[in-house]
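# Chain and residue survey
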Amino acid sequence: MKCLSPSILSADFANLGEQIRVIDEAGADYVHIDVMDGCFVPNISFAFPVLKAIRPLTERIFDVHLMIEEPIRYIDEFAAAGADIITVHAEACKHLDRTIEVIKEHDILAGVALNPATPLEAVEYILPKVDMVLLMTVNPGFGGQSYISYCTEKVRKLKEMIERQGLKTDIQVDGGINLDNVEMVMDAGANIIVAGSAVFKGDVAQNVQDFLTLMK
Ligand code: DX5
Ligand code: ZN
């Protein structure tokens, strides 16, 4: 299954509800929600009140990317705020397996994320327990950065690792994805595409449609 997950980090926050309506109507499958704590990443974004405020506006999947230290402390609250997928960074969890277990207790999907330079071995053993691996293709913290080219090879290797284990784990790519490189990352094996600035800059509905056309 191929899915587009626009990152609302790049949305117009003064019109967030309206922008979510536009991506929903244009056919985006997920809503990518970037939560940052100013500790794991050098930026602070938003959390529970924003999730709760936008949850009634759409039935689309809330794909929550936690860029926070020790996310295990807040899994219950994110689940209660309406997350359908919770992704945690392997680098931010002292006990990654336990953190994934806590996510799954809520009957929602669990993802694990890796920064660009983190080796794939970090997910080798947890792979059968997660629904998705998010490969960061920029250093997390900000929208609008350029795609790091060595990540394409990493997507390919992850796809091989998943197939070797006989799994169907989703591969999400996040950071610097645009209409010029989306086919390349999909060819490498990614099937869930996050795009922030490439969706929210300019004509949002048109951008979503252009992505969906290339992703067919
Ligand atoms: C970066 C976030 C991304 C970001 C992507 O830390 O995890 O989701 O919003 O933005 P673009 O697509 O502009 O690189
Ligand atoms: Zn993200």
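Residues numbered from 1 in each chain as written. Chains lettered and ligands numbered in written order. Predicted model: local features only at pLDDT ≥ 70, side-chain atom pairs only at ≥ 80, totals over all residues.

### With respect to the UniProt feature "binding site: substrate" (unreviewed entry) in the protein chain
Applicable threshold: UniProt positions are given in the numbering used here, feature names are shortened, and annotations may be inferred rather than shown by experiment. Only DSSP runs of H or I covering at least 4 residues are called helices, and only runs of E covering at least 2 are called strands; the numbering of each starts at the N terminus. Throughout, a pair of residues is in contact if the C-beta atoms placed from their backbones lie within 7 Å.
Sequence positions flagged by UniProt for "binding site: substrate" (unreviewed entry) are, in local numbering, Ser-7, His-65, Gly-141, Phe-142, Gly-143, Gly-144, Asp-174, Gly-175, Gly-176, Gly-196 and Ser-197. Topologically, Gly-176 is positioned in the loop between strand S7 (170–174) and helix H6 (182–188). Once residues lying within four places of it in the same chain are set aside, the contact partners of Gly-176 are Thr-137, Val-138, Gln-145, Ser-146 and Tyr-147. Position of Ser-197 relative to the elements: it lies in helix H7 (residues 197–200). Other than its neighbours up to four places away in sequence, Ser-197 contacts Ser-10, Gly-143 and Gly-144.

### Focus: the UniProt feature "binding site: a divalent metal cation" (unreviewed entry) in the protein chain
Cut-off, in case you're wondering: Counting other C-beta atoms within 10 Å of its own, a residue is labelled buried from 20 upward, exposed at 12 or fewer, and partly exposed in the gap between, with every C-beta atom placed from the backbone.
On the UniProt side, "binding site: a divalent metal cation" (unreviewed entry) is annotated at positions that read His-32, Asp-34, His-65 and Asp-174 here. Spanning 143 residues, the named residues form one tight spatial group whose C-alpha atoms are at most 10.5 Å apart. In this structure, His-32 sits in strand S2 (residues 30–36). Residue classification places His-32 among the buried positions, given that 29 C-beta atoms sit within 10 Å. Apart from the residues within four sequence positions on either side, His-32 is in contact with Ser-5, Pro-6, Ser-7, Ile-8, Asp-63, His-65 and Val-194. Position of Asp-174 relative to the elements: it lies in strand S7.

### Concerning the nonpolar core
Heads up, the condition is: Take the buried Ala, Val, Leu, Ile, Met, Phe, Trp, Tyr and Cys residues, join any whose C-beta atoms are within 7 Å, and the set you get is a nonpolar core.
Val-64, Ile-86, Leu-135, Val-173 and Ile-193 are the most contacted members of the largest nonpolar core, which has 61 residues in total. Per-element tally for this core: the top contributor is S2, with five residues. Dropping the residues within four chain positions of it, Leu-135 is found in contact with Leu-114, Cys-151, Lys-154, Val-155, Leu-158, Ile-171 and Val-173.

### Some remarks on helix H5 (residues 151–164)
Selection rule: How far a helix is expected to stretch is found by multiplying one less than its residue total by 1.5 Å. By definition, the arc is the one covered by directions from the helix axis to the C-beta atoms.
For H5, with 14 residues, the first-to-last C-alpha span of 20 Å sits near the 20 Å given by 1.5 Å per residue. The complete set of buried residues in H5 reads Cys-151, Thr-152, Lys-154, Val-155 and Leu-158. All buried residues of H5 project into a common sector of 155° when viewed along the axis, lining one side. The exposed residues of H5 that point more than 90 degrees off its buried face are Glu-153, Glu-160, Glu-163 and Arg-164. For H5, the elements touching its buried residues are strand S6 (132–136), S7 and H6. A positive phi of about 70° marks Gly-166, the residue just after H5.

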